[in-house]
Amino acid sequence: MEFQFDEVVSRIGTNSAKWDGLVESMGKDMISLSVADMDLKAPPAVVEKLEAFAKHGIYGYTDAFASYYKAVQAWLDRAYQWQVPQEWIVFCPRIIQAVSLVIQKFTAEGDAVLIHTPVYQPVAKAVTLNNRILVESPLQLVSGRYEIDFENMELRMQQGVKIVLLISPHNPVGRVWTRAELERIAALCIKYDALIVSDDIHADFIHEGHEHIIIAKLSEEIAQRSIVCTSPGKTFNLASLEIANIVIPNDSIRERFKQALQQSGIHNPTFFAVPALEAAYTACDDWLASLREYLKGNIVYAKAFIQEHMPELTVIEPEGTYLLWVDCRAVSQEESGLKRWIEQTARMSVSFGSSFGPEGEGFIRINVAAPRSVLQDALKRIAAAYPLKKA
Ligand SMILES: Cc1ncc(COP(=O)(O)O)c(C=O)c1O
């Protein structure tokens, strides 16, 4: 079946964080490749199911029943060869909520929580907003590829880190952690008795030559200290339907997490969440395979275009995700210079590097999950306004 990824669908007027916010603050002429959702419709099977549910007309309380757990189990098995018993799966609306609740429940104020930077800030902010100490272990850019500085990480772990927040694959730098890296991270967590919270929200976009390994799969010992956060949100463009599957192998950790959910009044999913997940996880493999091909085409296009028209920029090779992390320091070390070029002159919106922490300064993140024509227009705009353009 052919899917219509080329179709341009305006999101203005849908309360879109990416588009309506921008229209309000900067005007209708902007193109946005910022917030990490897709400007592509969810799979037809999901849309049809939601239409049928919308037409039902009674939007009373719902719950997660056996079919939800079965769909998640089958997905984890098919996507990551991870066989989990039903009891390990805990529904939580959003991953950021789950991360915050874990921090609240498993640490005390003033405790240390480690993360690799630059990083998607809401996860890091879950630490500081809860008055815990954010311990940053900066990733090192070595020959164009970001790597964990394990020496630095171990030094930081010695500060009494209680939780390691792992973004797997990593947003924004696009790394897919190798088995060897995951083993070293896990070994440090065992040595320093830290809990591992692995945020695998981008795990369904892994590029050729790379493999997503769920850290909890490495060994029983590691599983017993892992909380793995999965979600169909990025994969099928369902972010606002709010459904995440938190997988917790250890019984007592899981019971404490469930208690944290109850304590904050989170129990049942919204009316549309479970039907959307079930359709996505059971009837959309073809769609996802086509989407991956389409996004690959977008990445190839964007890299070639940048190389040809803005050769001073460096695209960090993405190993996973639909996000491109681009080194723009040749244009300006300071973000204000990049903003003048991209936002004010080119009328384009991207995620600027400092929104991923100070290490991101001089970089931009481009979200390529858009129809090809939109991506082309956006890149042409920034090339036309490129400050280093040869006359
Ligand atoms: C790494 C990462 N974690 C979590 C989220 C958000 O997840 P949720 O909407 O389920 O809170 C995002 C969204 O961009 C993300 O990139």
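What you see is a predicted model, and the numbers here were worked out from it, not measured in a lab.

So, how was this worked out
Residues numbered from 1 in each chain as written. Predicted model: local features only at pLDDT ≥ 70, side-chain atom pairs only at ≥ 80, totals over all residues. Heavy atoms only, no water. Near = heavy atom within 4 Å. Polar contact = N/O pair within 3.5 Å; in protein donor to acceptor, adjacent residues only side chain to side chain. Areas by Shrake-Rupley, 256 points an atom, 1.4 Å probe, with all protein chains shown as cover. 1 Å grid on protein atoms, 1.4 Å probe; cavity = no way out; pocket = protein on both sides within 12 Å on 5 of 7 lines; lining within 4 Å. Sits in = over half its atoms within 2 Å of the grid points. Nonpolar A, V, L, I, M, F, W, Y, C, P; charged D, E, K, R; others polar. Domains from an automatic or database assignment. Contact = heavy atoms within 4.5 Å. Buried area = accessible area lost by both parts, 1.4 Å probe. Helix = DSSP H or I, 4+ residues; strand = E, 2+ residues; numbered from the N terminus. Pairing = 2+ DSSP bridges. Salt bridge = Lys/Arg side-chain N within 4 Å of Asp/Glu carboxyl O. Buried < 20%, exposed > 50% of the residue type's maximum accessible area, 1.4 Å probe, protein only. Axes fitted to C-alpha atoms, helices over the stretch in contact; angles between N-to-C directions. Phe/Tyr/Trp six-rings, centres within 6.5 Å; stacked < 30°, edge-to-face > 60°. Lys NZ or Arg CZ within 6 Å of the ring centre and 35° of its normal.

Draft legend 1. Main features of the site of the ligand. Residues in contact with the ligand, as listed here, are Ala36, Arg94, Ile95, Ile96, Tyr120, Ile167, Asn171, Asp199, Ile201, His202 and Lys234. Within the contact set of the ligand, an oxygen atom lies 3.0 Å away from a backbone nitrogen or oxygen of Ile96. The separation between a nitrogen atom of the ligand and a polar side-chain atom of Asp199 is 2.5 Å. Relative to its unbound accessible area of 400 Å², the ligand is 94% covered by the protein chains. When atoms are counted within 2 Å of each cavity's grid points, the one that captures over half of the ligand is the largest pocket. Taken together, the residues that form the shell around the ligand break down as six nonpolar, two polar and three charged.

Draft legend 2. Representation of the domain arrangement of the chain within the structure. Along its sequence, the chain is carved into domain 1 (20-43 + 285-384) and domain 2 (58-282). Here the C-alpha centre of domain 2 lies 25 Å away from the C-alpha centre of domain 1. Taken together, the contact pairs 30 residues of domain 1 with 33 residues of domain 2. Carbon and sulfur atoms make up 56% of the area that domain 1 and domain 2 hide from each other, which totals about 2,600 Å². The tally of links from domain 1 across to domain 2 stands at 19 residue pairs in polar contact (both at pLDDT 80 or more). Those elements that place two or more of their residues in the side of domain 1 that touches domain 2 are helix H11 (285-309), strand S12 (323-327) and strand S15 (363-367). Looking at the side of domain 1 that touches domain 2, its residues break down into 17 nonpolar, five polar and eight charged.

Draft legend 3. Representation of the sheet that holds strand S14 (residues 351-352). With respect to topology, four strands assemble into an open sheet ordered S11-S12-S15-S14, the strand pairing being antiparallel. Whereas interior strands pair on both sides, the edge strands pair on one side only; in this sheet they are strand S11 (314-316) and S14. Bridge analysis of S11 against S12 gives three bridges, and the strand direction is antiparallel. Bridge pairing links Thr314 to Asp327 in S12.

Draft legend 4. Focus on the pattern of salt bridges. Under the definition given, this model contains 22 salt bridges. Across the salt bridge formed by Lys162 and Asp111, the nearest N and O atoms sit 3.6 Å from each other. Of this pair, Lys162 sits in strand S7 (residues 161-167) while Asp111 sits in the loop between helix H4 (95-106) and strand S3 (112-117), and the two are 51 residues apart along the sequence. By relative accessible area, which is 16% here, Asp111 ends up buried. Between Lys258 and Glu255 there is a salt bridge, with the nearest N and O atoms lying 3.8 Å from each other.

Draft legend 5. Spatial organisation of the sheet that holds S3. As summarised here, the arrangement of the seven strands in space is S2-S10-S9-S8-S7-S3-S4, forming an open sheet in which the pairing is mixed. Edge positions in the sheet fall to strand S2 (89-92) and strand S4 (133-138), since each has one partner strand and no second. Geometrically, the sheet is characterised by an average inter-axis angle of 25° between neighbouring strands, direction not taken into account. Lying on the sheet, helix H3 (residues 66-80) is in contact with S2, strand S9 (226-230) and strand S10 (244-247); it crosses S2 at an angle near 115°.

Draft legend 6. Main features of the pairing of S9. Taken across its five residues, S9 has five buried, putting it largely inside the fold. On S9, burial covers both faces: Ser226, Val228 and Thr230 on one face and Ile227 and Cys229 on the other are all buried. In this structure, strand S8 (residues 195-199) lies alongside S9, joined through four bridges in parallel fashion. When the bridges of S9 are listed, Asp199 appears paired with Cys229.

Draft legend 7. Region of the structure containing the side chain of Glu181. Structurally, the position occupied by Glu181 is in helix H7 (residues 179-191). Reaching out from Glu181, the side chain makes a polar contact with the side chain of Arg175 at a distance of 2.6 Å. If we skip the residues at most four places from it in the chain, Glu181 touches Phe150, Arg175 and Val176.

Draft legend 8. A look at the packing of aromatic side chains. Tallied over the entire structure, the rule returns 18 aromatic pairs. Summarising the aromatic geometry, the rings of Tyr59 and Phe271 are spaced 5.1 Å apart at their centres and angled 75° between planes, so their arrangement reads as edge-to-face. Taken together, the residues Tyr59 in the loop between helix H2 (44-56) and H3 and Phe271 in the loop between helix H9 (251-263) and helix H10 (273-283) connect sequence positions 212 residues apart. For Phe271, a relative accessible area of 15% translates into the label buried. Seen from their ring centres, Tyr59 and Phe272 are 6.0 Å apart, and the 40° between their planes marks the pair as tilted. One end of the pair, Tyr59, is in the loop between H2 and H3; the other, Phe272, is in the loop between H9 and H10, with 213 residues separating them in the sequence. Relative accessible area serves as the criterion here: at 47%, Tyr59 is assigned to the partly exposed category. Three or more aromatic residues joined by ring pairs form one cluster here, namely Phe3, Phe5, Trp75, Phe236, Tyr281, Trp287 and Tyr294. Here the basic side chain of Arg372 rests over the ring of Tyr294, its NZ or CZ set 4.7 Å away from the ring centre.

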